[in-house]
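# Observations on the three-dimensional arrangement
Residue strings, one per chain:
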Amino acid sequence: MTDTTYAVAKWRIRKPSVIPGFGLTLGFSLAYLSLIILIPISGLVWRTASMGWGEFFAIATDERTLRALYVSFGTAFVAGLVNVVFGVLVAWILVRYNFRGRRLIDSVVDLPFALPTAVAGIALAALYAPNGWVGSLVAPLGLKIAFTPLGIIVALIFIGLPFVVRTVQPVMEEIDSEVEEAAATLGANRFQTIRRVLLPGLMPAILTGFALAFARGVGEYGSVIFIAGNIPYVSEIAPLLIVIRLEEFHYEGATAIASIMLVISFAMLFIINLIQAWSRRRFGHA
Amino acid sequence: MHDNARSPAASARKPETFRDAASETPFVRHLLIFAALAYLAFFLLLPLVSIFVEAFRRGAGAYFDALIEPDALAAIRLTLLVAAIAVPLNLVFGVAAAWAIAKFEFKGKAFLITLIDLPFSISPVISGLVYVLLFGSQSVLGPLLKSHGIEILFAVPGIVLATVFVTFPFVARELIPLMQDQGTGDEEAALSLGASGWQTFWRVTLPNIKWGLLYGVLLCNARAMGEFGAVSVVSGHIRGLTNTMPLHVEILYNEYNFVAAFAVATLLALLALVTLVLKAVLERRFGAEIAASRKH
């Protein structure tokens, strides 16, 4: 252990420090990270690479795969947009207004993080089914929510709800009221102040929150499969198609779809990092 | 109609807790609060309430019968066992990673933090799939281990691995910003006074991070006990053997045994509520000591 620490220090990978344990903690972290995360994921990458371009392309452009990806990304996008509007609203009332039960509401926002997805799934399915509380209300209007893509959107709204609130809230708390007062003294009305002064500063946080909710929504499984109805080509999400391919022992199919989703999620992660770096440069916070 | 409420005269008559030019009229304020609360009630509260209503639809007897049924008890035991293995593993990793990242400056640190966050951006189903590819019957490793009598997939080790994967970042990402904020001054002081490395960790660092650590463990545990997608892929759904509570809920639901499904679901919902309460308590009482971790 001392050898590696010395070698690391000599190679100037880290700055010298009197604190011990660099080799031990970094070594353990990297070993654990490799065993649990990196090796299994590279297994997936290797498996995809050994598949051959033709086979991969055939699976990737298969009608059912494309529809499943479209359903996953489309519903996650719509749910993300809904959560942007209401997430900003919820963050706003939590930061700006004082009302009874504010702290309770603040804690309750995290419920989707804490509630197991399968539990959320069966609860939403029961609520929005044609004989459920909400489902029976909208049924006379000819509206069907459960077992349609609309049901998937409802589940993803639930799952994504805390993301925008929790990314926007801390940034909103740091807004200096002087900028708003300045805007007001310069003759801006409240709406103009919010739109031209406050929103631009909140935009990076809103985009980050949207991206996080979107990424979560694309991969979400537990809360969706109960309410979706899982009709191929219509309300079948990509993660479910992976499970179906696995159950058919069609490992190549499952692997190819997973790789496509992974590439897109990494791209999302990259974009989130860019947004945060950009916002740090421009606004001094992420 | 409430336009003049913004004028100084109006606010002088009606004292307000909030500043004037930089706030909305009371009418707009109430409207916004109402809209936000309605949204939360509809999308958060209603599903939560419905779990308990559905579970008690046939009375308390049916509810408790569903909980003491052998398969349900086996699922509860397995869930506790998996969390009891996965959470300490990720706790040790979280502390080690946070120590390396927060107390030292080295190249590739930002990249390492990104890698630690990786499981959050991967679909749970894919988290399970990677282990199926690694240990399945079509892999190199699977048949080899099987010939030595080691079962990973469709057995408890696979469930533990998948759970460790999805809960991997929780403790680390709470501790890293917290320990970065705290710097290295305390540790350097302890070391200069003659404490050993381990003494410094146990007596100086650990007391500094204990509430942040607890916070991370709390969130890690909630996810570990509630994980569905990843575990569902690797478990094989063998009743009484490899079914965790969320998987048991799914099976019961798919068998149209709704009361039993929701009965088991109430236990998980209670876990979520307890988690939220403890989380709120930690944030309120020790906010400063976990504050760094709330800025995500």
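Remember, predicted model here, so these are calculated numbers, not experimental data.

Right, let's talk about the overall build of chain B for a bit. The secondary structure content of chain B amounts to 15 helices and zero strands. Judged by the C-alpha coordinates and their principal axes, chain B covers about 85 × 65 × 35 Å. By residue count, 54% of the 296 residues in chain B fall in the buried class. Taking the contacts inside chain B whose residues are at least 6 apart along the sequence as the reference set, 70% of them involve residues at least 24 apart. Surface exposure of chain B reaches about 12900 Å², of which carbon and sulfur atoms provide 67%.

So, about the overall build of chain A. Each helix and strand counted, chain A has 14 helices and zero strands in total. Each helix and strand of chain A, placed in order from N terminus to C terminus, yields the pattern α-α-α-α-α-α-α-α-α-α-α-α-α-α. Considering only C-alpha atoms, chain A reaches an extent of 65 × 60 × 35 Å along its principal axes. The buried share of chain A, reckoned over its 286 residues, is 55%. When contacts within chain A are restricted to residue pairs at least 6 apart in sequence, long-range pairs at least 24 apart make up 72% of them.

All right, on to the interface of chain B and chain A then. Opposite the 94 residues of chain B that make contact, chain A presents 91 residues. Here Lys279(B) and Asp110(A) are joined by a salt bridge, their closest N and O atoms 2.3 Å apart. Joining chain B to chain A, the criterion identifies twelve residue pairs in polar contact (both at pLDDT 80 or more). Counting residues per element, the side of chain B that touches chain A draws most heavily on helix α2 (residues 26–55) of chain B, which supplies 19 residues. Residue composition of the side of chain B that touches chain A, by class: 64 nonpolar, 15 polar and 15 charged.

Bringing α2(B) into the picture now. Across its 30 residues, α2(B) extends 41 Å between first and last C-alpha, which sits within 8% of the 44 Å expected from 1.5 Å per residue. Of all the bends found along α2(B), the most pronounced is centred on Ala41(B) and spans about 40°.

Glancing now at the packing of aromatic side chains. The geometry of an aromatic ring pair is captured by two quantities: the separation of the ring centres and the angle between the planes. All told, the structure shown has 32 aromatic pairs over all chains when counted by the stated rule. Taken together, a centroid distance of 5.9 Å and an interplanar angle of 10° make the contact between Phe210(A) and Phe214(A) stacked. Note that Phe210(A) and Phe214(A) are positioned in helix α11 (residues 190–219) at a spacing of four residues, about one turn of the helix. The two residues Phe210(A) and Phe214(A) agree in class, both being buried. Put simply, the rings of Tyr221(A), Phe226(A), Phe228(B), Tyr253(B), Tyr256(B), Phe258(B) and Phe262(B) pair up and form one aromatic cluster.

In this section: the nonpolar core. Counting residues in hydrophobic clusters, the biggest one holds 191 residues, and the most contacted among them are Tyr128(A) and Ile116(B). The two domains that each donate at least three residues to this core are domain 1 (21–50) and domain 2 (54–284) of chain A. Apart from residues lying up to four places away in sequence, Tyr128(A) is in contact with Val134(A), Gly135(A), Ile145(A), Ala146(A), Val154(A), Ile227(A), Phe42(B) and Phe43(B).

On to the UniProt feature "domain: ABC transmembrane type-1" (unreviewed entry) in chain A, then. In this structure's numbering, the residues bearing the UniProt feature "domain: ABC transmembrane type-1" (unreviewed entry) are residues 69–272 of chain A. The straight-line gap between the two end C-alpha atoms of residues 69–272 of chain A is 21 Å; of that span, 78% is helix and 0% is strand.

Scored by pLDDT, chain A has a mean of 89; 94% of the residues are at 70 or more. No element of chain A has a lower mean pLDDT than helix α1 (residues 2–10) of chain A, which averages 49, and none a higher one than helix α7 (residues 117–128) of chain A, which averages 96.

The rules we used
Residues numbered from 1 in each chain as written. Chains lettered and ligands numbered in written order. Predicted model: local features only at pLDDT ≥ 70, side-chain atom pairs only at ≥ 80, totals over all residues. Heavy atoms only, no water. Helix = DSSP H or I, 4+ residues; strand = E, 2+ residues; numbered from the N terminus. Buried < 20%, exposed > 50% of the residue type's maximum accessible area, 1.4 Å probe, protein only. Contact = heavy atoms within 4.5 Å. Areas by Shrake-Rupley, 256 points an atom, 1.4 Å probe, with all protein chains shown as cover. Salt bridge = Lys/Arg side-chain N within 4 Å of Asp/Glu carboxyl O. Polar contact = N/O pair within 3.5 Å; in protein donor to acceptor, adjacent residues only side chain to side chain. Nonpolar A, V, L, I, M, F, W, Y, C, P; charged D, E, K, R; others polar. Expected span 1.5 Å × (residues − 1). Bend = angle between axes of the 7 residues up to and from the residue. Phe/Tyr/Trp six-rings, centres within 6.5 Å; stacked < 30°, edge-to-face > 60°. Core = buried A, V, L, I, M, F, W, Y, C linked by side-chain atoms within 4.5 Å. Domains from an automatic or database assignment. UniProt positions renumbered as here; feature names shortened; annotations may be inferred. pLDDT = per-residue confidence, 0-100.

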